[in-house]
Each structure stands twice: as C-alpha cells, then as structure tokens.
Amino acid sequence: MDKDKKILLAPLDPVHDIGLKIMNRALKENGYETILLPPDYQPEEIIKSALENKVGAVLVSRTLGYGVAELLSKFIDQAEAVGLREHVKIAIGGMGIRVELAQELGYDAGFGPGTVPEQVIAFIEEREPKLDLSGAIKSKKNITDGYDYVYGNKKIEALLDKIAEETLAWASTKTSKAVLRAELRRKLMDLPDGPEKDAAKQEYIQLSDEKIRNFYQNGTMPPYTRPLSDHEMSELAKYVKTTKDRMRMKKLQKVEENPTVFIQYGTGCPFMDVAHIKVGESWGADGVVHFDPSWGARTEGFLEGYLTHEQDGTIISPENLQVIKASLEPSTLWQVRAHRGLNTPETVLLAGKIGADMTKINIAYGSLGGGTDPARLTVDGIQCMKYAKEFSMPFDVVTNEELCGVPAAKAFAGMLTTAHIAIKLGCRPVLQPLFVYSPEVMITGEMEDNYVDFNAAKIKALRSIIDAPIWPGAPIGFLTQTEDRVQSSLSTAMHGALASSLGVEAISIASSDEAYSGGPIAGPSRIDTLTAVKEAFRFFGGAGIKPTEAADTMAEKIVAGIIDTLEKAAECESFAEALYAGIYGSTAEGAYPGRGGKDSLMDQ
Amino acid sequence: METCLKKVMDAVDIETFFVCKDEEEGRDLALKLLEKFGLKDTDIVFIEHSGAGARVRARGYLYRAGDQYAWLEGDK
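Here the structure is a predicted model, which is why all the values come from computation and not from measurement.

Here is what the cut-offs are and how they apply
- Residues numbered from 1 in each chain as written.
- Chains lettered and ligands numbered in written order.
- Predicted model: local features only at pLDDT ≥ 70, side-chain atom pairs only at ≥ 80, totals over all residues.
- Heavy atoms only, no water.
- Pairing = 2+ DSSP bridges.
- Helix = DSSP H or I, 4+ residues; strand = E, 2+ residues; numbered from the N terminus.
- Axes fitted to C-alpha atoms, helices over the stretch in contact; angles between N-to-C directions.
- Contact = heavy atoms within 4.5 Å.
- Domains from an automatic or database assignment.
- Buried < 20%, exposed > 50% of the residue type's maximum accessible area, 1.4 Å probe, protein only.
- Right-handed = clockwise from strand over helix to strand, strands pointing away.
- Core = buried A, V, L, I, M, F, W, Y, C linked by side-chain atoms within 4.5 Å.
- Polar contact = N/O pair within 3.5 Å; in protein donor to acceptor, adjacent residues only side chain to side chain.

Here we look at the sheet that holds strand β2 (residues 34-36) of chain A
One key point about sheets: their strands pair by backbone hydrogen bonds, in either a parallel or an antiparallel sense.
Residues and elements named next belong to chain A.
Reasoning step 1: With parallel pairing, five strands are arranged side by side in an open sheet as β2-β1-β3-β4-β5. The open sheet has two edge strands with one neighbour each: β2 and β5 (109-111). Within this sheet the neighbouring strands show an average axis-to-axis angle of 20°, counted without direction.
Reasoning step 2: Strand direction decides the pairing type here: strand β3 (residues 57-61) and strand β4 (residues 89-93), joined by five bridges, are parallel. Its bridge partner lying in β4, Ala 57 is registered against Lys 89.
Reasoning step 3: The strands touched by helix α2 (residues 43-52) within the sheet are β1 (7-11) and β3, with β1 carrying the most contacts at an inclination of about 170°.
Reasoning step 4: With respect to the sheet, helix α3 (residues 68-81) is in contact with β3 and β4, its orientation differing from that of β4 by roughly 170°.

Right, here's the structure in full:
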C-alpha cells in the first residue's frame, strides 16, 4: 500500500483499544500516517471517517467475545454497501477474534491473540512477515560461579573441619568393589580392543553381582529389560535430528535473578526420556536430571548396551547415557545422579567421560534414606568427589532424608558435612535443601500458616553459614501437590517464585503428574509446570515474596540444631560412625542406615 | 492404529465435567468415555465431585516405557 495514504484504526469495542494503540505506534514508527478513533464508535461512524479521510486501510479491533460475529458481519456488510471494500484493505484483530471467523466473514485478514505488529504491517505492505522464529537464545550456566565457599559461621566451619579431616583419614586406607570397577570402566573406555581390555572386562565381571555376571556371561537380561533394536536406534537418530532441526526454545526467566530450572527424567526407556527432554527444552527447561532404576542402586556393576526398561528409572549404561547426551541442545545442563547405591564412583566417571555438566553426590542421604551402607557410601562418595574434581563437574548434595522424617537441622548437618569433605578435596558442591512440606513440619506445625516461612528459614540459615550456591529441590513443592494439574502446577510455580525471591541459583521442578501414581508421567504434564513457572517469574519479575518474622526465628533454630548435631558428630571417629549412631537422623526419626554394601569395604 | 493416535507421544488425557451424583458415577462415566475413543490402557488421573457434578481428568496410555513408539516412524 502506498505510504501517502492514511490508515484508520478503530476499536469496534465499547472500551478496549490497547492493541490498536500499540499498532498505531508501530505504524507511525514505520512511516505511516494514521488516524486512531476512540472506542465505542458505531460501524457507520467508522466507515464515514474512512471515506472522508480517503484511507488506504482500515484496522478494526474487538476485545470482547460476545456478539462478535453479528457485529463484524454488520461492519463488513456496511463497508461493502458504500463501496469501501473495493479500494480499501479491511482487517480485524484483537483478543476476541478468531482468524477463521474473519476469513468466513470476508475480511482481508484476521489477527488473533498473540499477533505481533510486524504481521499487520506485512499485511498492509502485501508481503510475508519477517518473524524471528529462532526462539530464545540460551547459554549454558555454571551455577557455582561467583561463590567462594567462605564460612560466615566459624564455629560450624571448625566442627566440619574436624569431622572432614578425620573422615578423609579413615577412608584413606579403604576401598570397595565400586571404586575398583570405576577404574576398570575407565580402562574399558580408553583402551583399544585387545588382551588388556579383555582382562579388564573379566575383572569387572568378577567384581559384579550375579545378575550382572549373568548378563555378560550368558546374555540373560534382568526382568522387564530388553535391548533396543538397530531399527529402533536408527529411527531415534532420525527423530532427534528432525526435532533438533525445528527446535525453538522458550526462556522461563524474566529477570536475571530468576533461577535455572531443571526437570527430572527417568521413564525407564531412553527413547521416551529423549522425547520428554525435547518437550522440556522446547518449553524452557534449562537442565535435565537423569533418574536410574532403584534396583540398579542395589546391584554391584552396570550393564552395557542400548537398553530399555519397563519400570521407573532409566538404566545407566555407557550407551544409554551417550544416546541421551547426543539428544541435548547445546545450552541444556545435564546432571547424572550418583547419590546412593553401589555404583556411585562409576556413575560419576561415566558422567564425566560422556560429558555431563553436573552430578549428584551424597553420603548422609544415600546412607540414611537411600539404602546404602554408611561406611561403603563414605568411601565410594569420596571417590565420587575425586572424579567430580577431575572432570570439573559441580554436584549437588541433597537433604532428602527429611522426607523420611529427619529434622531439617540434622539433614542440613549431613549435607554440610558431605559438602565440606568435597570442598577439602577441591570440589564445588551445591547445597540442595528440600523446598517441600516435610514430615517434620507436618508434625511440628511450622507450615500451618503458610509454606513460605520454613522454606525461607532454610535458605536464610544456609546463607548465614557459608557462601555457596543453593539449588532447592527436589522437586520443589513436593508433598504439596495433588493430582489436580491446576493445583499441582500452581503449587510448583509458587514455590518457584519463592525460591527466586530468596535468590537461589537453581530449582528442580516436577511435572503436574507429580502426585499421580497410577502410571508414567505424560509429556504434556511437563508443559503444565514449565508454563506455570514461567508465568510466576513473569508475574513477580524483580519483586519479591516477604516471609513473616517467624522465618528468622526458624532460621536461628535450624542453625542451632546444625551446631548441636555437628558437636555430637565431631566426637565420633568418622562421618560413617556418626551416621550409624543416628546422630544425623535416628531410627526413631525415620532414618535407617542402609544395608546395601554392608561389610563390603576392603583394605587398600 | 489410527494415524492421529500414532502421533501421540504417550497418553491421551480427556478433561471434562460430568453432571453426576457422586465421584463413583463420574469415574464410571469417564472410563466409558475413554473406551468410546478406543483407548484401552486407561485410568482416572484426577476426579473431584462437588455439588453440581465431577471435574475429571481421565487418561488412556498409548505407550508405556519399553514399547515401540509409532511416532518414531516420522511422517511415513
């Protein structure tokens, strides 16, 4: 259209004209002369104005939904009756407009919700719109950057120093099958085919449980497990390529302070995991966390090959991890968990060699709530930390023993002890306090009034102790969500907003299927919570949530509880001994020292 | 399998509101509705009855972990 002709913008609506005002500004910026009528004009008044001003185009808008069809029909009929349509473009847009309806009624164009000015200008100029379809530009973030791990609470630092030094000395004379297997795995990955590699494989098999030995020696698959066929692998490669080619990623964060958002996967099948990861990436997830099957944690040794599993948790094998790694977008953070079980050192080694960005290491939770023997997990955990250092992989330390009933203060003491051992070994741990409705607070009633104060108290307490990154989880809002996807998504979003308000580095979120136990998580349920968190970040922006004064009292109580726990632990010979003794959580509180790998340590 | 179902990643959810006397009736209606759509591996993800009827979210799984997924076949 010729730019010397004016464009008439008219709200065919009693009050709403925001969209047209935005369009008016965009048209002026593009060199058009415009006439913007106020709301509540009748069709004949708008048409009269169009004729008098000899405009080249009329853009009418409608926000309200009721009576739209009749009104639009009346307008276009009158425009036609006076001959306006013959030489003037007429388009309709706004929240109440459906593009199909505009076309049916004979408008030259219809613009529904979500239209950007470029689309309307392109219509006027009779060309294709130049839209940016690239999606958000995201970069991978190291969530430990900027933290110096300096203690603000020197008393706690001194206690942790004593426990960590004694524990490292205690562990230095011990090893385990898992530690030995991890080094054999390194050989299996690094050595060329030949006798040395064959010998390493045989040694690996001998250090594994019967279930694993049967797999290597007789080809027997564990229950509910099958190898993926060459055809399936080929189809997956095509699916990943196609999906990557058309990938557009949303960005959840509105302001710099909004945390990095992780989702968890572990459907049992690496293919379905990849599909869910691609859904998560598309809708804004910044990172993904690998969940393995619980039986894998109770078995000495890993399987090999491309394997699918019919139950929760995706089998860790070098090949499965490689498939998942290959599917990730360059900006996606990838965490492989090694926080409990009998294969933790090998898990961290595999994660490092295959290119994970983060891992998860834990001694207290893995022992008290994860079913692994404390002594075994202390020795294995220290080896994990050495690998994490070697591969420059930060890792989080969870406090999931709270879900067993252990008070937050004791769980935090366990987290800080594990983290301090890691710091001594040159690692960069991330503190992962639960941001949930724990059994402890259900009993004590500290969340009776709100879900804000106790969670805020946890962050305040940790911030007063050490300058370290904090990544609440996992997932945030756990035990507050129900099977109602609206409630579940809203609860997740509120916890996300609170976490952001408290300035944490990252959060792990569940899907809206979190509380549903009747079947696997469905892909769309991941979109529910990612969208909800994005909306919460948009809603609060740089504004915050203000806890009540009770949060300060709760934080002081948590710090006092941590000191009390560490003072008792410091009297023990090692971290492991304190874990057996119930100092970091007793059986009465729901913490049971695990039996997986009990009495399995060997002298170096 | 119908072409449109082949493109479903994992499950079909149907959300609706049944005018019914209680949760049990709503549950039965939802499962029958899924059956009408030809879905077999079905469950009620969420149901809440209050006065006027039941808000329900019912699900039929097309695939579970370890199955062979038709969407991997692409546009063939």
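Digging into the domain arrangement of chain A
One widely used convention gives an interface's size as the accessible area the parts lose upon coming together.
Reasoning step 1: What the domain assignment lists for chain A is domain 1 (7-124) and domain 2 (154-238 + 257-476 + 546-589).
Reasoning step 2: For domain 1 of chain A versus domain 2 of chain A, the distance between C-alpha centres works out to 58 Å.

Quick notes on unusual backbone geometry
Residues and elements named next belong to chain A.
Reasoning step 1: Residue Pro 475 is bonded to the preceding Ala 474 through a cis peptide linkage, with omega at 0°.
Reasoning step 2: Inspection of the secondary structure assignment puts Pro 475 in the loop between α20 (453-465) and α21 (485-501).
Reasoning step 3: Even without glycine at this site, Lys 54 takes up a positive phi of about 50°.

Some points on the pairing of strand β14 (residues 429-432) of chain A
Regular strands place side chains that alternate from one sheet face to the opposite one.
Residue and element names in this part refer to chain A.
Reasoning step 1: Of the two faces of β14, both are covered, the one formed by Pro 429 and Leu 431 as well as the one formed by Val 430 and Gln 432.
Reasoning step 2: Pairing of strand β13 (residues 395-398) with β14 involves four bridges; the strand directions are parallel. For Asp 396, the partnering residue across the bridge sits in β14 and is Val 430.
Reasoning step 3: A crossover connection joins β13 to the parallel β14 through helix α18 (residues 408-424); in handedness this β-α-β unit is right-handed.

With respect to the nonpolar core
Reasoning step 1: Tyr 239, Trp 334, Leu 431, Ile 562, Leu 566 and Tyr 584 of chain A together with Trp 71 of chain B are the most contacted members of the largest nonpolar core, which has 149 residues in total.
Reasoning step 2: Counting residues per element, this core draws most heavily on α18 of chain A, at 10 residues.
Reasoning step 3: Ignoring any residue separated from it by four or fewer positions in sequence, one finds Trp 71 of chain B in contact with Tyr 239, Phe 271, Met 272 and Ala 275 of chain A together with Lys 6, Lys 7, Val 8, Met 9 and Tyr 63 of chain B.
Reasoning step 4: Leu 72, Ile 90, Ile 92 and Ile 97 of chain A belong to the second-largest nonpolar core, a separate cluster that totals 23 residues.

What to know about the side chain of Arg 185 of chain A
Residue and element names in this part refer to chain A.
Reasoning step 1: Tracing the chain through its elements places Arg 185 in helix α8 (residues 177-190).
Reasoning step 2: On the basis of relative accessible area, Arg 185 is assigned to the buried category, the value being 2%.
Reasoning step 3: A polar atom in the side chain of Arg 185 sits 3.4 Å from the side chain of Tyr 204.
Reasoning step 4: Polar side-chain contacts of Arg 185 include one of 2.7 Å to the side chain of Glu 346.

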